[in-house]
Amino acid sequence: MADGIYEIIDDRFRALFNGSAALDLIHTGCRWSEGPVWFKDGNYLLWSDIPNNRMMRYIPDGGVSVYRADARYSNGNTRDRQGRLVTCEHGARRVTRTEIDGSITVIADSFEGKRLNSPNDVVVHSDGSIWFTDPTYGIQSDYEGHKATPEQETNNVYRVDPQTGAIEAMVRDFVQPNGLAFSPDETKLYVADSGSPRHIRVFDVVAGRTLANGRVFCTVDPGLPDGFRFDIDGNLWTSAGDGVHCFAPDGTLIGKILTPERVANLTFGGPKGNRLYIAATSSIYAVYLTTNGAALS
Ligand code: MG
């Protein structure tokens, strides 16, 4: 059943949106929007425009500007527990942290003596460990980075230790690992595979640092699962070919937000965390929901 831009598949979805809340076009003119991240303390959104090799900033009522030119083909972004920007860079094939003074610290650029492929998306655990995915999208052509032959034998999910900085491969059997997020209580880690099959897998997080009991959580169709986020009730909101798909904690697809363009990623933002910012191909859209993001990052 449709209600404006909302498609209701399960009655549980009705509590999550207000039918009169429209889909707002925030900005257009990008080539491939990705990696949206909300800065609550600064009241602005950052995101990557990968093929244009730049990062953008949107200030509500203040407009859109280039935040970082020559962004080394940045993709996924998040913030650490100190509020610092953490970024995946296709071009430099690394994960970096932007310090408060603007300087760049390299968090990871190699594993077992070989260069990473092209880090795609990143999340920070409350213990400070940094988890990221490393598919090959950024080295397949010169469009989203620099064309190169992979040095890694597998496309892995990695963890960077907060004390030692050591990088460890946590899962090695993905085709193209992509978006990732912890459940609100951090007992589970969800990781999208945008290769084939196109689904989101879930792992139990043991003692904060080991993964166990991996299984398929949901399949996304049409399109593929790229980036995703959780709301406070543990519903998973993921990118898809026709918009944003919302999955209940039990893995049921309960509803959709339909968008004019294919979605790559999203994040909750706004002062109350109830505004969903959607990175969709050439544009950024936003919609007010009646739920809130699990973490403002
Ligand atoms: Mg991605």
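Residues numbered from 1 in each chain as written. Predicted model: local features only at pLDDT ≥ 70, side-chain atom pairs only at ≥ 80, totals over all residues. Heavy atoms only, no water.

K.L.:
I'd like a rundown of the side chain of Arg-201, residues and numbers included.
P.N.:
With respect to the helices, strands and loops of the structure, Arg-201 is situated in strand β20 (residues 199-206). Judged by relative accessible area, Arg-201 falls into the buried class, the value being 12%. A distance of 3.1 Å separates polar atoms of two side chains, one belonging to Arg-201 and the other to Asp-173. The contacts of Arg-201, once residues within four sequence positions are left out, are Val-171, Asp-173, Phe-174, Leu-189, Tyr-190, Val-191, Arg-215, Val-216 and Phe-217. (Helix = DSSP H or I, 4+ residues; strand = E, 2+ residues; numbered from the N terminus. Buried < 20%, exposed > 50% of the residue type's maximum accessible area, 1.4 Å probe, protein only. Polar contact = N/O pair within 3.5 Å; in protein donor to acceptor, adjacent residues only side chain to side chain. Contact = heavy atoms within 4.5 Å.)

K.L.:
A description of the sheet that holds strand β25 (residues 253-258) should follow, citing residues and the corresponding values.
P.N.:
Pairing is antiparallel across the open sheet formed by 6 strands, whose spatial order is β1-β2-β25-β24-β23-β22. Among the strands making up the open sheet, the edge pair consists of β1 (2-3) and β22 (228-230). Looking at chain direction, β22 and strand β23 (residues 236-240) are connected through 3 bridges and run antiparallel. In the strand pairing of β23, Arg-229 is matched with Trp-237. (Pairing = 2+ DSSP bridges.)

K.L.:
Describe the sheet that holds strand β14 (residues 122-124), listing the residues and the values that go with them.
P.N.:
Strand order in this open sheet of 4 strands is β14-β15-β16-β17, and the pairing throughout is antiparallel. In this open sheet, the two strands that pair with only one neighbour each are β14 and β17 (167-174). Between one strand axis and the next, the sheet turns by 20 degrees as a mean value, whatever way the strands run. Sheet topology note: the strand β15 (residues 130-133)/strand β16 (residues 155-160) ladder contains 4 bridges and is antiparallel. Bridge pairing in β16 places Thr-133 opposite Val-157. (Axes fitted to C-alpha atoms, helices over the stretch in contact; angles between N-to-C directions.)

Honestly, that's just the spatial picture; any functional story needs more than this.
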